Amino acid sequence: MSQTITTDSRELAYDPAIRPELYDGVRTRRIFAFLVDAAVILFLMVAAYVVIGVLGIFTLGLLWLLLPAVWPVVAILYSVLTLGGPSSATPGMRFTGIEMRTVQGEPLSYGLALLHVLGFWFSMAILTPLILLVALFTERKQLLHDLILGTLAVRSAY
């Protein structure tokens, strides 16, 4: 009796045993990318607060009801619109030279990017920076929400 083992070449392309250079410094780069993205999100939030504040005067305060929604809306839209699509990287990730991919090497879709962002923010709310500990024990330096969704953070080709 013979057994045939088939492997998908796309999965081998992101195997840390075959291509360890894809994962060199990913944890550190991911932390710095988060800090860059947090600064950009903060800038966008301040701009949104100013616009809503000024327009709220003209609407007799009606638009001020939107102020509590600024943080989640800006943060989620920023992350989903930049992670989803062909580049699969936020500006902070591009700056630090990493990108997100599925385990098969495909870019993230907008739906998967939304799940990734929600998973990240919920795990950050519950576990705070302790989610980084998971990356110390996984071959591909994945965080908890990466493991659940089947996504990877790898060094980008450009």
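I will try to describe carefully the structure that is included in this document. (Residues numbered from 1 in each chain as written. Predicted model: local features only at pLDDT ≥ 70, side-chain atom pairs only at ≥ 80, totals over all residues. Heavy atoms only, no water.)

**Overview of the pattern of salt bridges**
Under the defined criterion, the tally for this structure stands at 3 salt bridges. Notably, a salt bridge pairs Glu-21 with Arg-19, separated by 3.0 Å at the nearest N-O pair. Judged by relative accessible area, which is 39%, Glu-21 ranks as partly exposed. A relative accessible area of 33% means that Arg-19 is categorised as partly exposed. The residue Asp-146 makes a salt bridge to Arg-30 at a minimum N-O spacing of 2.6 Å. Taken together, the positions of Asp-146 in helix α7 (residues 144-149) and Arg-30 in helix α2 (residues 26-58) put the pair 116 residues apart, joining distant regions of the chain. One exposure class covers both Asp-146 and Arg-30, and it is buried. (Salt bridge = Lys/Arg side-chain N within 4 Å of Asp/Glu carboxyl O. Buried < 20%, exposed > 50% of the residue type's maximum accessible area, 1.4 Å probe, protein only. Helix = DSSP H or I, 4+ residues; strand = E, 2+ residues; numbered from the N terminus.)

**What about a nonpolar patch on the surface?**
Together, Ile-126, Leu-127, Leu-130, Leu-133, Leu-136, Phe-137, Leu-144, Leu-147 and Ile-148 give the surface a local cluster of nonpolar side chains, amounting to about 940 Å² of exposed area. For the nonpolar patch, the elements supplying multiple residues, two or more each, are α5 (110-127) and α7. The dominant element in the nonpolar patch, judged by the number of residues it contributes, is α7, at 3 residues. Relative to the helices and strands, Leu-147 resides in helix α7. (Patch = residues over 30% accessible without salt bridge, like charges linked within 9 Å, V, L, I, M, F, W, Y side chains within 5 Å. Areas by Shrake-Rupley, 256 points an atom, 1.4 Å probe, with all protein chains shown as cover.)

**What about helix α3 (residues 70-83)?**
The terminal C-alpha atoms of α3, which comprises 14 residues, lie 20 Å apart, in line with the 20 Å expected from a rise of 1.5 Å per residue. Restricting attention to buried positions, one finds in α3 the residues Val-70, Val-74, Ala-75, Tyr-78, Ser-79, Val-80, Thr-82 and Leu-83. Elements that come into contact with the buried residues of α3 comprise α2, α4 (91-96), β1 (98-102) and α5. Positioned one or two residues after α3, Gly-85 has a phi angle of 100°, which is positive. (Expected span 1.5 Å × (residues − 1). Contact = heavy atoms within 4.5 Å.)

**Considering unusual backbone geometry**
The residue Leu-60 is not glycine, and still its phi comes out positive at about 55°. Here Leu-60 is to be found in the loop between α2 and α3. At Ser-88, a position not held by glycine, the phi torsion is positive, near 50°. The topology assignment puts Ser-88 in the loop between α3 and α4.

**Structural notes on the packing of α3 against α5**
Contact geometry of α3 with α5 gives a least axis separation of 8 Å together with a crossing angle of 135°. When the axis of α3 is compared with that of α5, the two are oblique. Crossing handedness for the pair α3 and α5: right-handed. Residues Trp-71, Ile-76, Ser-79, Val-80, Leu-81 and Leu-83 of α3 touch α5, and the partners they reach there are Tyr-110, Ala-113, Leu-114, His-116, Val-117, Leu-118 and Trp-121. Of the residues belonging to the contact of α3 with α5, the class tally is 11 nonpolar, 2 polar and no charged. (Axes fitted to C-alpha atoms, helices over the stretch in contact; angles between N-to-C directions. Parallel < 35°, antiparallel > 145°, perpendicular 65-115°, else oblique. Left-handed = near helix turned anticlockwise from the far one by under 90°. Nonpolar A, V, L, I, M, F, W, Y, C, P; charged D, E, K, R; others polar.)

**Quick look at the nonpolar core**
Of all hydrophobic cores here, the largest spans 18 residues; its most connected members are Tyr-14, Tyr-23, Leu-83, Met-93, Met-100 and Val-154. Of all the secondary-structure elements, those providing two or more residues to this core are α2, α3, β1, α5 and β2 (151-155). Those residues in contact with Tyr-23 that lie beyond four places of it in its chain are Tyr-14, Asp-15, Pro-16, Arg-140, Lys-141, Leu-152, Ala-153, Val-154 and Arg-155. Counting residues in each nonpolar core, the second largest holds 8 residues, with Ile-41, Ala-48, Ile-52 and Ala-75 among its members. (Core = buried A, V, L, I, M, F, W, Y, C linked by side-chain atoms within 4.5 Å.)

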